[in-house]
Amino acid sequence: MRAEHPVIDVSALPGAAKPDPVLMIDSVTRSFGGLRAVDVEHLEFQRGWITGLIGPNGAGKTTLFNLITGFDRPNTGQWTFNGTPLSGLAAHQVARCGVVRTFQLTKALAKLTVLDNMRLAAPRQSGERFFGALLSSWGRQERAITEKAMDLLTRFRLDAKAGDLAGCLSGGQRKLLEMARALMMDPIVVMLDEPMAGVNPALTESLLQHVKSLREDGMTVVFVEHDMDVIRDISDWVVVMAQGRVIAEGRPDTLSSNKAVVDAYLGSHHDQALEFDAEGNPVGQTAQLAAEMHSELEAAIERGKGLSA
Amino acid sequence: MIDISTLLANGVAAAVGPSTIFFALLAIGLNIQFGYAGLLNFGQIGFALVGAYGMGIAVVHFGLPLWSGVLVGVLAGVVLALLLGIPTLRLRADYLAIVTIAAAEILRLITRSTSMTNFSGGTQGLTGYGQAFRQPSPFDNGRFYNVFGVRFLGQDLWSICVGWAVVGLSLILVFLLVRSPWGRVLKAIREDEDAARALGKNVFVYKMQALVLGGVFGAIGGIIFALTTQSLTPDFYSPPQTFFAYAALIIGGAARVFGPVIGSMIFWFVLSITDNFLRQATAGSNPLISFIDNQDVGAIRFILVGVGLALLMVFRPQGIFGNRSEVLLDAR
Amino acid sequence: MRPRPPGLVGNSKDAAARSDDLASGWFHLSVVRALVVALVGPLIVGAVLLGAAVPALASQPPPTPPTPSQSPLPQPPSEQPSPEQGLPVSGTLRNADGRLLAGVQVQVFDSTGQQVASTTSNTSGRWELVVPRPGRYTFRIDPRSVPRGVNVLQGEVVRDVVPGTLPLVVFRFGEQRGGLQTTASAEAVRVLVDGIRFGLVIGITGIGLSLIFGTTGLTNFAHGELVTIGAVVAWTLNVTAGLQLIWATVLAVIVGAALGAVTDLAIWRPMRRRRAGLIAQLVISIGLALALRYLVLIYFGGRSESFADYTNQVERNYGFISITDKDLATIVISLAVLIGIALLLQRTRIGKAMRAVADNRDLAASSGINVERVVLFVWALAGALATLGGVLFGLSELGGTVQYEMGFSLLLLMFAGVILGGLGTAYGALVGCLVVGVLVQVSAQFIPVDLKYLGGLAVLIVILVIRPQGLLGSRARIG
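Reading the values: the criteria
- Residues numbered from 1 in each chain as written.
- Chains lettered and ligands numbered in written order.
- Predicted model: local features only at pLDDT ≥ 70, side-chain atom pairs only at ≥ 80, totals over all residues.
- Heavy atoms only, no water.
- Helix = DSSP H or I, 4+ residues; strand = E, 2+ residues; numbered from the N terminus.
- Buried < 20%, exposed > 50% of the residue type's maximum accessible area, 1.4 Å probe, protein only.
- Contact = heavy atoms within 4.5 Å.
- Areas by Shrake-Rupley, 256 points an atom, 1.4 Å probe, with all protein chains shown as cover.
- Axes fitted to C-alpha atoms, helices over the stretch in contact; angles between N-to-C directions.
- Parallel < 35°, antiparallel > 145°, perpendicular 65-115°, else oblique.
- Left-handed = near helix turned anticlockwise from the far one by under 90°.
- Nonpolar A, V, L, I, M, F, W, Y, C, P; charged D, E, K, R; others polar.
- Buried area = accessible area lost by both parts, 1.4 Å probe.
- Salt bridge = Lys/Arg side-chain N within 4 Å of Asp/Glu carboxyl O.
- Pairing = 2+ DSSP bridges.
- Domains from an automatic or database assignment.
- Polar contact = N/O pair within 3.5 Å; in protein donor to acceptor, adjacent residues only side chain to side chain.
- Phe/Tyr/Trp six-rings, centres within 6.5 Å; stacked < 30°, edge-to-face > 60°.
- Lys NZ or Arg CZ within 6 Å of the ring centre and 35° of its normal.
- Right-handed = clockwise from strand over helix to strand, strands pointing away.

A.B. asks: For the overall build of chain A, give the residues involved together with the corresponding values.
C.D. replies: Counting secondary structure elements, chain A contains 11 helices and 10 strands. Among the 309 residues that make up chain A, the fraction classed as buried is 49%. Of the contacts formed within chain A by residues at least 6 apart in sequence, a portion of 65% connects residues at least 24 apart. Entry remark: accessible area of chain A is about 13,700 Å², with carbon and sulfur atoms responsible for 53%.

Shown next, in the form of structure tokens:
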């Protein structure tokens, strides 16, 4: 499949230039208190590729997603989409430009029907304006939107659920719905934050096929993932982050031999035996490690805007 | 000893009366804000105040005709919503709650301030703005009319007719809005702001529109009620009134078009009956209930509303008729 | 994952490191001792201060501190009195020096405490108003509207109004205050001290509000009622049971702590267990506030009632400042309590646990802290602080009186202060409340006295526009 793209000679150094970058990021930093969560000097995403973004917990992947899509504000830096600057735009403006994201914890709108979730995402609806809702005849546009929504739901095998509340869907179906919903916006770049997380293994394969089909449709896909096998399977290019920085990038098959990646990914603790006491509680360095992991997780959740209610 | 037929007749009269109309309009506004958009406006009574006083002051002090006074009142509601929304709508929900309740209290303090007596009438209140309202009335102001066994004074009957017409129009407007794509975005924002943002919706603008629209309903409620009573007193617009409207909304069911109106009718029916019952039961030389003072009955209404509101939130947040799966508020 | 309330101070790493220390039986007597010392110690200091003042009880009338907004019951729409049928009552306000007092507000309350009318005296000191029907009424002068330098000797008169007569109500006014020529700088110091005193009182109550928010995420709209109930309990012990006010307050603080703990156990802990949403909890706290406020009204009545002690005090001159003993005691007690709270948070196990829970509830729980116990303690502490704050508020700001709505008017200022400082922070809450207190007193110099709480509320809106996270809050916490 990778052969569909001209084999391009791209150096595998962090910040490598791509022949036709759709997204370009320059010196973006974001700190929380004293912690520098993201510190990316330069990064390009090639048009039409599936780019996997990997790294250990707290590496700054989700924060980078939040920054690019306008859900968070950087301390410094700028980035462009198709040559036009995106930095400083609000989240909804970024989405309207064609850079559409999904979330690690799915945000299916539980009290809306599956079909309404889909229709909601359609851009430029005259009935969405206050006076448009009252004065314009949005019925015809609504029918067109519904048709498109049903097509997409059929493609994602959710058409039978169209009338159900989205809250009734299973975890994997919500991921599918979120992906289908993003497609309602005719995006150019789709940014998927851990699309496989919490998904029943039986559904993983079909999800992967759907991600690949996005590339077939000419979209650029950037996705965050932990599972190396998944990354190897579908991505054209992999970017590795650790402690907020891009430490390596390259073809998926070359990465497992990269020393920096192995160290970062498994941590410097990877050769150390884990110690537990009789009750199964971690002790010594292991306890420290567990506490660190825990606080990183918490910090990640906090950054992920768990408080937005 | 307890006159049940009078109790019921009073209850029915209350359920269609000016108070029901007033709180139905406040609750229709809250329904847009709280029910559909998830905004916590705890100062709805402040919107009623600016509506009523906007109209009253425009007519009394600036000599405007009543219709333009009404317009001024509605505009005042819009302005208040903008002022309160700009600083708070980007923040977490409880900031709006605190700011709106504070603003309503500020407005009440200003209108009752002695320094404003020449303008708002201070604690004396304001009268003389609404004569024009009763001119087109087909009813004889001073006469009693018998409508389905309940007696209404002619001037009240006119207010009630106008009030329910306004409520009806408001419901049509709400119905059209919430079934439109606009209403869909509002519900999406209530469910998850970030999801709505990720789908390209300008959340701030929608929240602002909801706040303004709900505030306008509050202002219209204030205007209609001021036209009914023909006098304005600042202390009528005190914070608990907002929570009466919340109680009505939650009884009828938030995020349902008819919820606020049905809720308001039930609310005043029940309140009128308990009020009258307690007054009868505690009156006389040998009262049925001796442990409550006849004069405390007014306070008991607030206790009932408070306890009722809390219990509804705990046990039936979906309202009396709602379906458990439609509970809107558990996600936060 | 449940949304987590913002933290107080400290960070997660700290919390994890502290876990050993906290895990094993942190909740014991030392905690109770810390609480008692934090709360009662300053009271004793205050007792000494006030005790010294008792012999000096005023033969001369005190300057009347302003009272807060009197917001009477909303009148049920159907029962608005019609002025045409009422009975007129009138009077003329004349100061002891013969000056006629204009612009003074006179309010009338019926026997249920509902305000039925109010008016303002005209330039010849004359006022006139109408009560709806015959009966016994309380006529009261709004001390906030009395011109500076005029003392109210008798500002409240109870009178039976009967048809057929034209009752006159006479209020008595005293000598001009002190007779000293006050300079601008002395005036400035006075206002500043007034503001700090008021700010400290707001702070004492506001810290509880902020701690509850920090540890549970609840915006407790019933916090004002904790203040009112605390003051009413102290008043009952003081006036009805005849206990000296200091001991009445000590007992009331214990009752307040118990009340706080009981509300948590009876209402909020079950709500948390049901995983009730924060907005649902907020609405419940509103319902609770409404019910409690009017229960207090039924028990206590709608009038202001005086404490039995320290009502009449003269200002003592300390050279640079003249201040009454009770105001001075208020400042000293508040400061001592606040220092006690700071020590509690920094030094004691329970204090560290409170910070840990506020910072990160789940991490704290997984570090072996019994979160529910910490929250219970926070509620008890908040109840105790609210009670103490209520007594001090009544004593120093309401002219030694208690009112059933005192808590609500304070609540809005607490919110203003707590948001100004950063919602959920303990020290921020204190700073914010101090600023609000000073602002209220300073603004009263420039705007009409009955609008003086406006400044405090207006700052709330201003701060949200320019720095929504508050002075000491962090950006990430405001969602």
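A.B. asks: Run through the packing of helix α3 (residues 184-216) of chain C against helix α10 (residues 371-397) of chain C, naming residues and quoting values.
C.D. replies: Residue and element names in this part refer to chain C. Between α3 and α10, the least distance of the axes is 9 Å, while the angle of their chain directions is 160°. Regarding the angle of α3 to α10, the classification is roughly antiparallel. α10 is crossed by α3, and the crossing has left-handed handedness. Tallied by class, the residues present in the contact of α3 with α10 amount to 16 nonpolar, seven polar and two charged.

A.B. asks: An account of the interface of chain B and chain A is requested, with residue identities and associated values reported.
C.D. replies: On the chain A side, the residues contacting the 33 residues of chain B number 33 residues. For the pair chain B and chain A, the summed buried area comes to about 2,900 Å², and 65% of that belongs to carbon and sulfur atoms. Counting the surface chain B buries against chain A, the share from its top three residues, B:Arg184, B:Asp194 and B:Leu199, is 25%. Summed over the shared surface of chain B and chain A, the number is four salt bridges. For A:Glu142, the salt bridge identified is with B:Arg184, shortest N-O distance 2.7 Å.

A.B. asks: Go over the interface of chain C and chain B with me, naming the residues and quoting the values.
C.D. replies: One frequent convention defines the size of an interface as the accessible area lost when the parts assemble. Taken together, the contacts link 62 residues of chain C with 62 residues of chain B. When chain C packs against chain B, close to 5,400 Å² is buried across both sides, 71% of that on carbon and sulfur atoms. Our enumeration of links across chain C and chain B arrives at zero salt bridges. When residues of the side of chain C that touches chain B are traced back to their parent elements, those giving at least two are β2 (105-109), β3 (115-120), α6 (278-300), α11 (406-421) and α13 (453-466) of chain C. Counting residues per element, the side of chain C that touches chain B draws most heavily on α6(C), which supplies 16 residues.

A.B. asks: Run through the sheet that holds strand β7 (residues 156-161) of chain C, naming residues and quoting values.
C.D. replies: All names here are of chain C. One open sheet accounts for four strands, arranged β3-β2-β5-β7; its pairing is antiparallel. Looking at the sheet topology across the chains shown, the edges are occupied by β3 and β7. Taken pair by pair, the neighbouring strands of this sheet meet at an average axis angle of 25°, ignoring direction. Here six bridges tie strand β5 (residues 135-141) to β7, and the two strands are oriented antiparallel to one another.

A.B. asks: Can you break down the domain arrangement of chain C residue by residue, with the values?
C.D. replies: All names here are of chain C. According to the domain assignment, chain C contains domain 1 (43-50 + 183-466) and domain 2 (83-174). The interface is formed by 10 residues belonging to domain 1 together with nine residues belonging to domain 2. With both sides pooled, the region where domain 1 packs onto domain 2 buries about 760 Å², and carbon together with sulfur makes up 41% of that total. For domain 1, the biggest contributors to the area lost against domain 2 are Arg303, Val449 and Asp450; these three give 53% of the whole. Between domain 1 and domain 2 we count zero salt bridges in total. Counting across the interface, domain 1 meets domain 2 through one residue pair in polar contact (both at pLDDT 80 or more). Partitioning the side of domain 1 that touches domain 2 into residue classes produces two nonpolar, four polar and four charged.

A.B. asks: Now, about the packing of aromatic side chains: what can you tell me, with residues and values included?
C.D. replies: Scanning the model with the defined rule gives 33 aromatic pairs over all chains in all. With centroids separated by 6.1 Å and ring planes inclined at 40°, the aromatic side chains of B:Phe133 and B:Trp158 adopt a geometry described as tilted. Here B:Trp158 lies in helix α8 (residues 154-178) and B:Phe133 lies in helix α7 (residues 131-134), a separation of 25 residues in the sequence. Summarising the aromatic geometry, the rings of C:Trp127 and C:Phe171 are spaced 6.0 Å apart at their centres and angled 45° between planes, so their arrangement reads as tilted. Of this pair, C:Trp127 sits in strand β4 (residues 126-131) while C:Phe171 sits in the loop between β7 and β8 (172-173); the two residues are 44 residues apart in sequence, bridging distant segments of the chain. Pairwise contacts between aromatic rings join B:Phe22, B:Phe23, B:Tyr53, B:Phe225, B:Phe236, B:Tyr237, B:Phe244, B:Phe267, B:Trp268, B:Phe302, C:Tyr294 and C:Tyr404 into one cluster. A cation over an aromatic ring shows up here: B:Arg143 above the ring of B:Tyr145, its NZ or CZ 4.5 Å from the ring centre. A cation over a ring is seen here: B:Arg151 above B:Phe144, with NZ or CZ 4.3 Å from the ring centre.

A.B. asks: Run through the pairing of strand β7 (residues 189-193) of chain A, naming residues and quoting values.
C.D. replies: Looking along a regular strand, one sees side chains alternate from face to face of the sheet. Residues and elements named next belong to chain A. Counting buried positions along β7 gives five out of five residues, so the element sits mostly inside the fold. Neither face of β7 is exposed, since Val189, Met191 and Asp193 on one face and Val190 and Leu192 on the opposite face are all buried. Looking at chain direction, strand β6 (residues 99-101) and β7 are connected through three bridges and run parallel. The residue of β7 that forms the bridge with Val100 is Val190. In the sheet, β7 pairs with strand β8 (residues 220-224) via five bridges, with the strands oriented parallel. Paired with Val189 across the two strands is Thr220, which belongs to β8. Between β7 and its parallel partner β8, the chain crosses via helix α7 (residues 201-216), and the hand of that crossover is right-handed.

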